[in-house]
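# Chain and residue survey
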Amino acid sequence: MTKRGFGKRLALGAILVAVSAPLALAQQSEAPQKAGKPLNAGDVLSGELTVLKVRGAKPGQPAAAYQITSEPRRLPPPSGLCNLETGPETFQLIIANNAQASQLKGLLGKQIVVKVDEIACAQDAGQMSEAVVTKWSLMKR
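In this report, the structure presented in the accompanying data block is examined.

## What about the overall build of the protein chain?
- Within the protein chain one finds two helices and seven strands.
- Secondary structure elements in the protein chain, listed N-terminal to C-terminal, are α-β-β-β-β-β-α-β-β.
- Taking the contacts inside the protein chain whose residues are at least 6 apart along the sequence as the reference set, 61% of them involve residues at least 24 apart.
- For the protein chain, the exposed area adds up to about 10000 Å²; of that, 57% sits on carbon and sulfur atoms.

## A closer look at the nonpolar core
- By size, the foremost hydrophobic cluster in this structure holds 16 residues, and its most contacted members are L45 and L93.
- When residues of this core are traced back to their parent elements, those giving at least two are β2 (44–55), β3 (62–69), β5 (90–93), β6 (111–121) and β7 (131–139).
- Counting residues per element, this core draws most heavily on β6, which supplies four residues.
- Setting aside residues no more than four positions away along its own chain, L45 makes contact with L39, I68, S70, R73, F91, I112, V113, V114, V116 and V133.

## Overview of the pairing of β5
- Residues T90 and Q92 of β5 are buried on one face, and the alternating residues F91 and L93, pointing to the opposite face, are buried as well.
- Direction of pairing for β5 relative to β7: parallel, over a ladder of three bridges. Paired with L93 across the two strands is V133, which belongs to β7.

## Some points on the environment of K140
- Within the secondary structure, K140 sits in the segment after β7.
- On the accessibility criterion, K140 (81% relative accessible area) is exposed.
- Linking K140 and V114, residues 26 residues apart in sequence, is a C-alpha distance of 8.5 Å.

## Observations concerning the side chain of Q100
- Within the secondary structure, Q100 is located in helix α2 (residues 98–105).
- Accessibility expressed as a relative area gives 13% for Q100, which makes it buried.
- Contact partners of Q100, with chain neighbours within four places excluded, come to I94, I95 and W136.

## Describing the environment of F91
- Looking at the secondary structure, you find F91 in strand β5.
- Sequence separation between F91 and A122 is 31 residues; the distance between their C-alpha atoms is 9.3 Å.

## Examining α2
- Within α2, the full set of buried residues consists of Q100, A101 and L104. Angularly, the buried residues of α2 cover 100° about the axis, an arc narrow enough to put them on a single face. Those residues of α2 that are exposed and angled more than 90 degrees off the buried face are N98 and K105.
- Near the N-terminus of α2, the side chain that reaches the backbone nitrogen of A99, with its oxygen 3.2 Å away, is that of N97.

Rules used throughout
Residues numbered from 1 in each chain as written. Predicted model: local features only at pLDDT ≥ 70, side-chain atom pairs only at ≥ 80, totals over all residues. Heavy atoms only, no water. Helix = DSSP H or I, 4+ residues; strand = E, 2+ residues; numbered from the N terminus. Contact = heavy atoms within 4.5 Å. Areas by Shrake-Rupley, 256 points an atom, 1.4 Å probe, with all protein chains shown as cover. Core = buried A, V, L, I, M, F, W, Y, C linked by side-chain atoms within 4.5 Å. Buried < 20%, exposed > 50% of the residue type's maximum accessible area, 1.4 Å probe, protein only. Pairing = 2+ DSSP bridges. Arc of directions from axis to C-beta. Polar contact = N/O pair within 3.5 Å; in protein donor to acceptor, adjacent residues only side chain to side chain.

Here's what the structure looks like:
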């Protein structure tokens with residue numbers, strides 16, 4: 001014996017399958033992301049500057065880590081954890097002195113351009129950014 005409303009539920013299920021099948025095919029046929037252009041020492045990197053709150057060296061002392069979110073860029077070997085198909089999109093800026101920190105404080109949330117002197121990939125899976133810029137200088141737009 002069949003339950004009451006079985007035909008309605010069967011028709012509704014068939015309609016849902018017919019509607020969702022083209023969507024599934026469209027998602028499968030999306031082109032893979034292209035690898036980013038290479039980023040070497042001396043090149044410029046541009047993107048939006050954000051701040052990450054991290055623990056300071058002393059307990060209770062807050063510290064800030066600055067990060068640029070940019071288009072994917074490939075890094076030179078050794079690639080570490082940056083061996084992604086497209087390359088890293090987030091780059092942490094290491095602050096060497098108070099002058100660099102004061103330069104970046106007023107630029108939070110804005111597009112900036114930095115000249116990259118030294119760059120490395122994140123070595124630990126727990127790091128916030130995919131790549132780390134250890135030596136850099138701020139450039140005027």
